[in-house]
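Listed below are the residues making up each chain.
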Amino acid sequence: MTELASLDEQELVVRLRRGDQRACARLMTWAERNDPRFAVQHRAFCDELGVAQRIGITGPPGAGKSTLVEGLASHWRESDDRKIGVVAVDPTSPFTGGALLGDRVRMSRLVLDPGVFIRSMATRGVFGGLARATDDLADVLDLFGCHSIMVETVGVGQSEVDIARSCDLTLVVLHPGGGDTIQAMKAGLMEVADIYVVNKADMPGVDRLVQELFDVLELREIPEDQQPPILTAVASTGQGVPELAEAIDGMVRDRRDSGRQAERRQDNLERRIRRLVDGRLRHEVWQARGLSDLLHQRLAEGGKLSAYELADEVLDQYQQAAGHPANLLGNISQTDPEDSP
Ligand SMILES: Nc1nc2c(ncn2[C@@H]2O[C@H](COP(=O)(O)OP(=O)(O)OP(=O)(O)O)[C@@H](O)[C@H]2O)c(=O)[nH]1
Ligand SMILES: [Mg+2]
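The shown structure was predicted, so the numbers you read here are calculated from the model rather than taken from an experiment.

As for the pattern of salt bridges
Stage number 1. This structure, assessed with the given rule, holds 23 salt bridges.
Stage number 2. A salt bridge links R119 to E32, with the shortest nitrogen-to-oxygen separation between them at 3.0 Å. Of this pair, R119 sits in strand β3 (residues 116-121) while E32 sits in helix α2 (residues 21-32), and the two are 87 residues apart along the sequence. Accessibility classification places R119 together with E32 in one group, the buried group.

Looking at the layout of surface pockets
Stage number 1. By volume, the second largest pocket amounts to about 690 Å³.
Stage number 2. Around the second largest pocket, the lining comprises 28 residues; the ones closest to its centre are A193, D194, R255, R260 and R264.
Stage number 3. Those elements that place two or more of their residues in the lining of the second largest pocket are α9 (189-192), α11 (241-258) and α12 (260-288).
Stage number 4. Sort the elements by how many residues they give to the lining of the second largest pocket and α12 lands first, with seven residues.

Focus: the sheet that holds strand β1 (residues 53-58)
Stage number 1. In spatial order, the strands read β3-β2-β4-β1-β5-β6-β7; together these seven strands make up an open sheet with parallel pairing. Unpaired on one side and paired on the other, β3 and β7 (230-232) mark the two borders of the sheet. On average, adjacent strands in this sheet sit at an angle of 20° to one another, irrespective of strand direction.
Stage number 2. Pairing of β1 with strand β4 (residues 148-152) involves five bridges; the strand directions are parallel. Looking across to β4, one finds that R54 is bridged to I149.

Observations regarding the pairing of β1
Residues in a regular strand project their side chains so that they alternate between the two faces of the sheet.
Stage number 1. Of all the six residues making up β1, six are buried; the element is thus mostly covered by neighbouring parts of the structure.
Stage number 2. Residues of β1 alternate between two faces, with Q53, I55 and I57 on one and R54, G56 and T58 on the opposite face, all of them buried.
Stage number 3. The sheet contact formed by β1 and strand β5 (residues 169-174) spans four bridges and is parallel. By the bridge assignment, G56 is partnered in β5 with T170.

Let's talk about helix α13 (residues 291-300)
Stage number 1. Within α13, burial applies to L291, S292, L294 and R298. Angular distribution of buried residues about the axis of α13 spans 160°; they occupy a single face of the element. Residues of α13 that are exposed and point over 90 degrees away from its buried face: D293, H296 and A300.
Stage number 2. Elements that come into contact with the buried residues of α13 comprise α12 and α14 (307-322).
Stage number 3. Where α13 ends, the next residue or the one after it, G302, has phi of about 75°, a positive value.

Some remarks on the packing of aromatic side chains
Stage number 1. One pass over the structure, following the stated rule, counts two aromatic pairs.
Stage number 2. On the numbers, 6.4 Å between centres and 75° between planes, the contact of F38 with F45 is edge-to-face. Taken individually, F38 and F45 each receive the classification buried, so the pair is uniform in this respect.
Stage number 3. Lying across the ring of F144, K83 places its NZ or CZ 3.9 Å from the centre.

Some remarks on the pairing of β4
Stage number 1. Taken across its five residues, β4 has five buried, putting it largely inside the fold.
Stage number 2. Judged by which residues are buried, β4 turns out to be covered on both faces: S148, M150 and E152 on one side and I149 and V151 on the other are all buried.

Thresholds applied
Residues numbered from 1 in each chain as written. Chains lettered and ligands numbered in written order. Predicted model: local features only at pLDDT ≥ 70, side-chain atom pairs only at ≥ 80, totals over all residues. Heavy atoms only, no water. Salt bridge = Lys/Arg side-chain N within 4 Å of Asp/Glu carboxyl O. Helix = DSSP H or I, 4+ residues; strand = E, 2+ residues; numbered from the N terminus. Buried < 20%, exposed > 50% of the residue type's maximum accessible area, 1.4 Å probe, protein only. 1 Å grid on protein atoms, 1.4 Å probe; cavity = no way out; pocket = protein on both sides within 12 Å on 5 of 7 lines; lining within 4 Å. Points joined across faces, edges and corners; volume = space filled by probe spheres on them. Pairing = 2+ DSSP bridges. Axes fitted to C-alpha atoms, helices over the stretch in contact; angles between N-to-C directions. Arc of directions from axis to C-beta. Contact = heavy atoms within 4.5 Å. Phe/Tyr/Trp six-rings, centres within 6.5 Å; stacked < 30°, edge-to-face > 60°. Lys NZ or Arg CZ within 6 Å of the ring centre and 35° of its normal.

In structure tokens form, the structure reads like this:
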């Protein structure tokens with residue numbers, strides 16, 4: 001399946017390296033659609049990746065994540081002219097324009113800034129998994145020359161939280177109106193945070209929320225020097241944003257120097273490869289081997305069916321079709337067997 005990029009496509013990567021916005025958008029579209037041309041390009045540029053710091057930002061709906069992303073982007077643009085990339089996963093506001101006028105006006109300043117590239121990604125436009133697409137988009141932004149890439153996801157389900165975790169650093173944004181910390185624990189947010197941001201510090205209930213976070217951290221018995229810091233902010237006015245930016249930069253520096261960043265990247269890479277293999281295996285089993293058709297056919301025959309019996313039938317057919325173990329991986333045999341679980 002190894003394909004060579006056509007001359008036009010080679011040109012695309014050259015343009016991307018030069019910071020061409022249209023080349024960037026085109027590659028991102030391929031990534032979102034899981035277009036095989038993206039994988040071809042990726043092989044060509046993968047050894048240039050890893051320059052940017054990737055920051056995952058998650059938290060309950062409406063916590064102020066986008067406002068904070070906007071604040072951090074503005075801060076870094078002004079303080080050191082840093083090139084910024086933003087990926088907003090399944091956004092409701094304000095990147096899609098769904099927010100109040102004030103948000104849109106502020107955000108539009110960023111949209112007009114050539115040093116900031118924002119990509120909103122709606123679930124329905126993406127194939128082959130959101131996490132896969134997010135990693136790929138971040139890679140494109142990395143090659144595009146972004147120094148800091150922020151990936152925003154709403155922290156409501158495990159897969160969204162996983163996306164934020166797949167970065168170098170994860171920010172969990174909470175707000176006093178967003179229910180209590182129990183809610184955040186249920187969503188799996190407490191385990192993934194490298195930094196907590198208690199946003200909307202202008203609203204009542206902030207001190208209580210901060211105290212609850214301290215209590216939960218104490219229960220987890222993490223050594224004090226490894227506890228994630230808890231910062232407060234008013235993203236809508238920018239209060240606390242410079243301190244947050246400094247905390248992020250400091251943590252990135254420390255982890256780079258201590259080797260922790262390399263370790264985390266290695267873990268993320270392993271999860272990413274497993275996800276790719278899982279996805280291709282599923283596709284191979286259900287589509288390439290016609291098992292979807294078999295299942296639909298059996299369901300259409302009606303009658304009372306045991307789910308277990310049907311599952312066995314599907315797997316029997318799979319084993320028959322696969323035959324010799326060498327066929328088991330079919331057209332994904334180029335994947336290194338070492339990577340299989
Ligand atoms: N009072 C107050 N309002 C804020 C603050 N930060 C953001 N908001 C407002 O909260 C609302 C939600 O902000 P967003 O930045 O869109 O929140 P979000 O977490 O990105 O929301 P989703 O992506 O929809 O989950 C907007 O109306 C913001 O103006 C803050 O610090 N204080
Ligand atoms: Mg948002």
